[in-house]
Amino acid sequence: MKPALSVIFFTVGSGAGLGLMVWLLIASLMPSHIRMDALTFYKGAAIAAALITAGLMSSTLHLANRRNAIYALTRWRTSWLSREALLSLALYPVAALHLYALERGLPQVTPITLWLLVALALAILFCTGMIYGCLKTVPRWNTWMTPAKYLLFGLMSGAVLLPAVLSLRPAEVGPIGRPMMAVVLLALGAALYVAYLMKHPRTTHRINDALGVRAGRVRLLDAGHSHATFLTDEFGFVLARERARVLRWAAIAAGFVLPLLLCCFTQWFWTASVLCLIGLLVERWLFFAEAEHVVRLYHGQPHV
Amino acid sequence: MRLGLAIDLDTCVGCHACAVACKEWNGRSLMGGAPDYDAYGAAPGGTWYNRVRHYEIEGDPTYSPHACGALPDTDGLQPLSKTVNVPLSCMHCEEAHCVSVCPTGASYKRAEDGIVLVDPARCMGCNYCSWACPYGARELDQDEGVMKKCTLCVDRIYDERLPEAERQPACVLACPAHARIFGDFDDPASPVSQRVAARGRQDMLGALDYRPTNAYLPPRKPVEIAPTLPLRQGLTEQAKAFVNRLINL
């Protein structure tokens, strides 16, 4: 699949923003464990909102006909993309209500809006994963690991961002302890990513299946076109094996291992966050670049 | 009603007339619009609803009755390979996943005749439906920014101003080998249903369970032609051949 930068930025940026929002809200529930003044909370909320909004804006960049984007809210009964769009838009009024309730000090409203926001964030992450996970045409994606990855990586990058946000609080609050949630989620994330990569080499469809020929060897004599087509542009992306190997290790190192070490042994939480996001951008680029659509069989690829 | 095409892989000669006729009709039709990009330039491209590809099948016992593989068998007979031309356009699937994933409702499958269409007034050009299609039947119209696909010439087949014989998709009318037949798969007496009943249909990516309406009739088993000359010539034949060559010098 063609790795579209707008979608890569959207999924990583929004994912991190939603994850940060979830952990900020949960942190605000336990003031005895995580001391956070109101200003730091709002700074964190602003960062989360900026990431989510920039991601959503970026996601519209790959639309060829943005005028009709409003109709994307109408088919939530069948389409994961529509569900994601609808829930993403629903996030804003609920977040506004939560902030209003916080400001006015309405203790009977804040728990409802808080958990509603957490549920929305998790649902959006799951929907984003299912957009790709539900496609039977891309065997690489059509696994439970795809939504699990989106959900876990969003929460993980948010958990790494939380101590970075906490480091903005005034000095008299004291140093930040070891961010155990970030450490645990980074370890889980690394495990899931490695599992996803190891599941890769499974062949699911052959060129014989594409033509309905049971036995014999099938090969393409002529694709019928002399230059690039929509199909070769969209589905024909080829990633050199050596380059993929380097990028996978870069993603594992920058996205998981280095942030894990930094969170464990240092207080460089901003460095850990930036590294984690860069690693996830590489991981997301690979997610698209390595996925193969079954239409490649009709263009002569022996198996997908 | 379940309208669709039966495409005969045995008689298709791979001439691309169907693809060209499709471009010609849909280039400026009511539902269509299949533009070319840089048509006379260095890297011409375009949106096509129907593309023809050519494959070689080698070593399938259905088509190659004797020993298979790249080398001749013990009788000196060459393995038969089969060239198959495969025109591919929208299959108007029963389980049209392209329709269910569409977030805007621009893609729809008509209840009355099963034709899958795109409403350009709703499509936002996200390409998601083309990802959901295993057959590569959907291509983006880069001029309008909306998805395009085979309409089964819905603007021809119901047009009562056309003579009845011409109320068929343009590709079907153009096919010089009569390899494309149009009809209703729900009607067991229709020519498409009868062909499928007689010949069966190729199971193309059946594991994905999209249940295509269009049927590809499998290539027929070739008639084996016995070699007219004995392969190992005796001394007399070799002498005669030598004399013949001498005479014809």
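Shown above is the structure to which this text applies.
Residues numbered from 1 in each chain as written. Chains lettered and ligands numbered in written order. Predicted model: local features only at pLDDT ≥ 70, side-chain atom pairs only at ≥ 80, totals over all residues.

Draft legend 1. Representation of the overall build of chain A within the structure. A tally of regular secondary structure across chain A gives 11 helices and 1 strand. Counting helices and strands in the order they occur from the N terminus, chain A gives α-α-α-α-α-α-α-β-α-α-α-α. The C-alpha atoms of chain A give 22 Å as radius of gyration, which agrees with the globular expectation for 304 residues (19 Å, within 12%). The dimensions of chain A, computed from C-alpha atoms along their principal axes, are 75 × 45 × 30 Å. Going through the 304 residues of chain A one by one, you find that 46% of them count as buried. By sequence separation, contacts in chain A at least 24 residues apart represent 75% of the contacts at least 6 residues apart. (Helix = DSSP H or I, 4+ residues; strand = E, 2+ residues; numbered from the N terminus. Rg over C-alpha atoms; globule rule 2.2 N^0.38 Å. Buried ≥ 20, exposed ≤ 12 C-beta atoms within 10 Å, placed from the backbone. Contact = placed C-beta atoms within 7 Å.)

Draft legend 2. Focus on the nonpolar core. Counting 153 residues, the largest nonpolar core has L20(A), M21(A), L24(A), V160(A), L162(A), L211(A) and C98(B) as its most contacted members. Look past the residues within four positions of V160(A) in its chain and what remains in contact with it is A182(A), L186(A), P259(A), C263(A), A272(A), S273(A) and C276(A). (Core = buried A, V, L, I, M, F, W, Y, C linked by C-beta atoms within 7 Å.)

Draft legend 3. How the structure looks around the packing of helix α5 (residues 145-166) of chain A against helix α6 (residues 180-198) of chain A. Residues and elements named next belong to chain A. Relative orientation of the contacting elements α5 and α6 amounts to 150 degrees, with a least axis distance of 9 Å. Taken together, the axis directions place α5 and α6 in an arrangement best described as roughly antiparallel. The chirality of how α5 crosses α6 is left-handed. Across the interface between the two elements, M145, A148, K149, L152, F153, L155, M156, A159, V160 and P163 from α5 touch M181, A182, L185, L186, L188, G189, L192, A195 and Y196 from α6. Residue composition of the contact of α5 with α6, grouped by class: 17 nonpolar, 1 polar and 1 charged. (Axes fitted to C-alpha atoms, helices over the stretch in contact; angles between N-to-C directions. Parallel < 35°, antiparallel > 145°, perpendicular 65-115°, else oblique. Left-handed = near helix turned anticlockwise from the far one by under 90°. Nonpolar A, V, L, I, M, F, W, Y, C, P; charged D, E, K, R; others polar.)

Draft legend 4. Quick look at the interface of chain A and chain B. Taken together, the 44 residues of chain A in the interface contact 52 residues of chain B. Of all elements in the fold, only α3 (80-104), α7 (207-211), β1 (217-222), α8 (230-235) and α11 (295-298) of chain A reach the threshold of two or more residues within the side of chain A that touches chain B. For the side of chain A that touches chain B, the element with the highest residue contribution is β1(A), accounting for 6 residues. Here the side of chain A that touches chain B is composed, by residue class, of 22 nonpolar, 14 polar and 8 charged. In this structure, β1(A) lies alongside strand β4 (residues 50-58) of chain B, joined through 5 bridges in antiparallel fashion. Paired with D222(A) across the strands is H54(B), a residue of β4(B). (Pairing = 2+ DSSP bridges.)

Draft legend 5. Expanded view of the sheet that holds β1(A). Taken in spatial order, the 3 strands line up as β1(A)-β4(B)-β5(B) in an open sheet, and their pairing is antiparallel. On the outer flanks of this sheet lie β1 of chain A together with β5 (81-89) of chain B, each paired with one strand and no other. On average, each strand axis in the sheet is tilted by 35 degrees relative to the strand beside it, whichever way the strands run. Pairing of β4(B) with β5(B) involves 9 bridges; the strand directions are antiparallel. Its bridge partner lying in β5(B), H54(B) is registered against N85(B). Across the sheet, helix α1 (residues 17-26) of chain B is in contact with β4 and β5 of chain B; its angle to β4(B) comes to roughly 170 degrees.

Draft legend 6. Seen up close, the environment of L280(A). All names here are of chain A. Among the secondary structure elements, L280 is positioned in helix α10 (residues 269-289). Residue L280 is classed as buried on the basis of its C-beta count, with 29 C-beta atoms lying within 10 Å. It is 17 Å that separates the C-alpha atoms of L280 and L56, two residues lying 224 residues apart in sequence. Residues contacting L280, with those up to four places away along its chain left out, are V12, F153, S157 and G255.

Draft legend 7. Looking closely at the environment of E95(B). All names here are of chain B. Within the secondary structure, E95 is located in the loop between β5 and α2 (97-101). On the neighbour-count criterion, E95 (14 C-beta atoms within 10 Å) is partly exposed. Sequence-distant contacts of E95, that is, excluding residues within four places in its chain, are made with D209, Y210 and R211.

Draft legend 8. Quick peek at the sheet that holds strand β1 (residues 3-8) of chain B. Residues and elements named next belong to chain B. On the basis of which strands lie adjacent, the open sheet formed by 3 strands has the order β10-β1-β11 and mixed pairing. In this open sheet, the two strands that pair with only one neighbour each are β10 (180-184) and β11 (215-217). Neighbour to neighbour, the strand axes of the sheet diverge by 25 degrees on average, direction disregarded. Across 5 bridges, β1 lies against β10 in antiparallel orientation. By the bridge assignment for β10, L3 is matched with D184.

Draft legend 9. Quick look at α6(A). Residues and elements named next belong to chain A. Helix length check: α6 (19 residues) gives 27 Å between terminal C-alpha atoms against 27 Å at 1.5 Å per residue, within 8%. Every buried residue belonging to α6 is among A182, L185, L186, G189 and Y193, and all of these are buried. For α6, the arc enclosing every buried residue in end-on projection is 105 degrees, short of the 170-degree limit, so these residues lie on one face. Away from its buried face by more than 90 degrees, α6 exposes M180, A191, A195 and M198. (Expected span 1.5 Å × (residues − 1). Arc of directions from axis to C-beta.)

Draft legend 10. Quick look at unusual backbone geometry. All names here are of chain B. A positive phi angle, close to 45 degrees, is found at C153, a residue other than glycine. Assignment of secondary structure puts C153 in the loop between β9 (146-148) and α4 (154-157). Within the chain, D209 stands out as a residue other than glycine whose phi angle is a positive 60 degrees. Checked against the element boundaries, D209 lands in the loop between α6 (191-199) and β11. Since 11 C-beta atoms lie within 10 Å of it, D209 is described here as exposed.

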